[in-house]
Amino acid sequence: MKKLKETSKKIYRIKIILILAVTLILSACNQQNSLNKVQSSNTNGDNYSVFEDTPNENSDNLKHVEQILVAPPELPKFDQVATGNPVVVDVRLVVKEEKLQISSDASIWALTYNGSVPGPMIVVHQNDYVEVTLVNPSSNSLTHNIDFHAATGDLGGGSISIVSPGQQVSFRFKAIKPGVFVYHCAPGGIMVPLHVVSGMNGAIMVLPRKGLTDENGNPIKFDKAYYVAEQDYYIPKNKNGKYMEFSTPAEGFGGMLQVMQTLTPSHIVFNGTKNSLTGDKALTAKVGDKVLFITSEANRDTRIHMIGGHADLYWSGGSFSNKPLTNFESWPVAGGSAVAIMYKFREPGTYVYLDHNLINAFLFGANAEINVKGNSNNDLMKQINKPAKIKD
Ligand SMILES: [Cu+2]
């Protein structure tokens, strides 16, 4: 009888231990699940995995919206928050091969989308479709195409968009990844870098459907946006040390390739030409404005700084599905990528947005100015004594 009692006590203890163990395991699993949910939350707070495929739409039946593209640093008209279901955004890119004076002493046969270096910014929302019509007029001399880093498959559209002079092509891709991305010409082999360093690149912004969110995951809107791209050129010089001029784009390629092999650009500029965003062409903002700056470099690494300001928010690698980092002094832009930052101007004056390799900025011209109007805040900065003779 005593033995029986002890056995049932033992069974009872084992039961309790088992219940405790199961409870502990279940609670650990729950914690792991919540952790996974937090880790896989996108900035909209939705549960989201990068490996989760978006539902297929029959994009042939979706509404088309034409986007009128404009030359950088401006962006086309767009809504920061998507209204309604995904749409097909129609964009037309016309290749223009044209002489461009890039500095007082040099010009290049610029290979461009719509006539600007960089090409126009395209803006869509995540899961919209981009329908690109690429036109290569018969007045051009070269074959071109377009590779979107925002697209999936077919070399980013590069393999299905090859057009000879006199042809046009169209294709559609789904913008599944939110962020800012480079697009560029990639017609194969050495033509890829030759076309890119002749100016044939631009960027697309794929906004989250609910718009951008700040470091705490709260929705945030910007007052204006600018697209500033760094461009490296490789112009050969003649025996007399003068930059060479060519009668066709292809005629310059041999000399350009020789300079490219040194990995040392002859020119490093913002938005295509030296001083394109300075003086009376400076960007503008008002005190209190939150400004989104998108910067791309299609070919080489750079690092951006804004003298007098910061990146309040910095979307590393240009990805909008991660929470932005805060309060950066300088921020990297990897070659072949675009990056976005947001800054609230708190003081009036002229800010300099530049490549903080200061040789690139001040010897080559990789800088832009932003003129900010508004009232000074003496709490942030004030001069105590004007420059005067040193007191003994
Ligand atoms: Cu091209």
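1. Points about the overall build of the protein chain
Step number 1: Within the protein chain, the secondary structure is distributed over four helices and 20 strands.
Step number 2: Relative to its 392 residues, the protein chain shows a buried fraction of 40%.

2. A look at the sheet that holds strand E15 (residues 311–315)
Step number 1: Reading across the sheet, the six strands line up as E11-E10-E13-E18-E15-E16 and stay open at both edges, with mixed pairing between neighbours. Strand pairing shows two members of the sheet lacking a second neighbour, strand E11 (267–270) and strand E16 (325–328), which therefore form its edges. Averaged over all pairs of adjacent strands, the angle between their axes in this sheet comes to 25 degrees, without regard to strand direction.
Step number 2: Relative to E11, strand E10 (residues 224–233) runs antiparallel, the two being bridged by four bridges. What sits directly across from Asp232, in E11, is Ile268.

3. What to know about the sheet that holds strand E8 (residues 179–184)
Step number 1: On the basis of which strands lie adjacent, the open sheet formed by four strands has the order E4-E9-E8-E6 and mixed pairing. If you trace the sheet from one side to the other, it starts and ends with strand E4 (122–125) and strand E6 (147–148), each paired once.
Step number 2: Note: E4 against strand E9 (residues 201–207), four bridges, orientation parallel. Bridging from a neighbouring strand, Val124 pairs with Val206 of E9.

4. Some thoughts on helix H3 (residues 249–260)
Given 3.6 residues per turn, any residue in an α-helix points the same way as the ones three and four places further on.
Step number 1: When the terminal C-alpha atoms of H3 are compared, their 16 Å separation across twelve residues agrees well with the 16 Å that a helix rising 1.5 Å per residue should span.
Step number 2: Looking at H3, one finds that the buried residues are Pro249, Gly252, Met256 and Met260. Buried residues of H3 fall within an arc of 80 degrees about the axis and therefore sit on the same side. Every exposed residue of H3 that faces more than 90 degrees away from the buried side is listed here: Gly254 and Gln258.
Step number 3: Check the buried side of H3 and you find it contacts strand E2 (88–103), strand E3 (106–113) and helix H2 (191–196).

5. Observations regarding the nonpolar core
Grouped burial of nonpolar side chains is what soluble globular proteins tend to show.
Step number 1: Ala203, Ile294 and Ile341 are the most contacted members of the largest nonpolar core, which has 90 residues in total.
Step number 2: Take this core: its biggest share by element is seven residues, from E2.
Step number 3: Shared between two domains, this core holds at least three residues of each, these being domain 1 (64–213) and domain 2 (225–373).
Step number 4: Excluding residues within four positions of it along the chain, Ile341 makes contact with Phe293, Ala311, Leu313, Tyr314 and Trp331.

6. A look at the environment of Gly217
Step number 1: Relative to the assigned elements, Gly217 resides in the loop between E9 and E10.
Step number 2: With 13 C-beta atoms counted inside 10 Å, the residue Gly217 sits in the partly exposed group.
Step number 3: Separated by 105 residues in sequence, Gly217 and Asn322 place their C-alpha atoms 9.7 Å apart.

Calculation notes
Residues numbered from 1 in each chain as written. Predicted model: local features only at pLDDT ≥ 70, side-chain atom pairs only at ≥ 80, totals over all residues. Helix = DSSP H or I, 4+ residues; strand = E, 2+ residues; numbered from the N terminus. Buried ≥ 20, exposed ≤ 12 C-beta atoms within 10 Å, placed from the backbone. Pairing = 2+ DSSP bridges. Axes fitted to C-alpha atoms, helices over the stretch in contact; angles between N-to-C directions. Expected span 1.5 Å × (residues − 1). Arc of directions from axis to C-beta. Contact = placed C-beta atoms within 7 Å. Core = buried A, V, L, I, M, F, W, Y, C linked by C-beta atoms within 7 Å. Domains from an automatic or database assignment.

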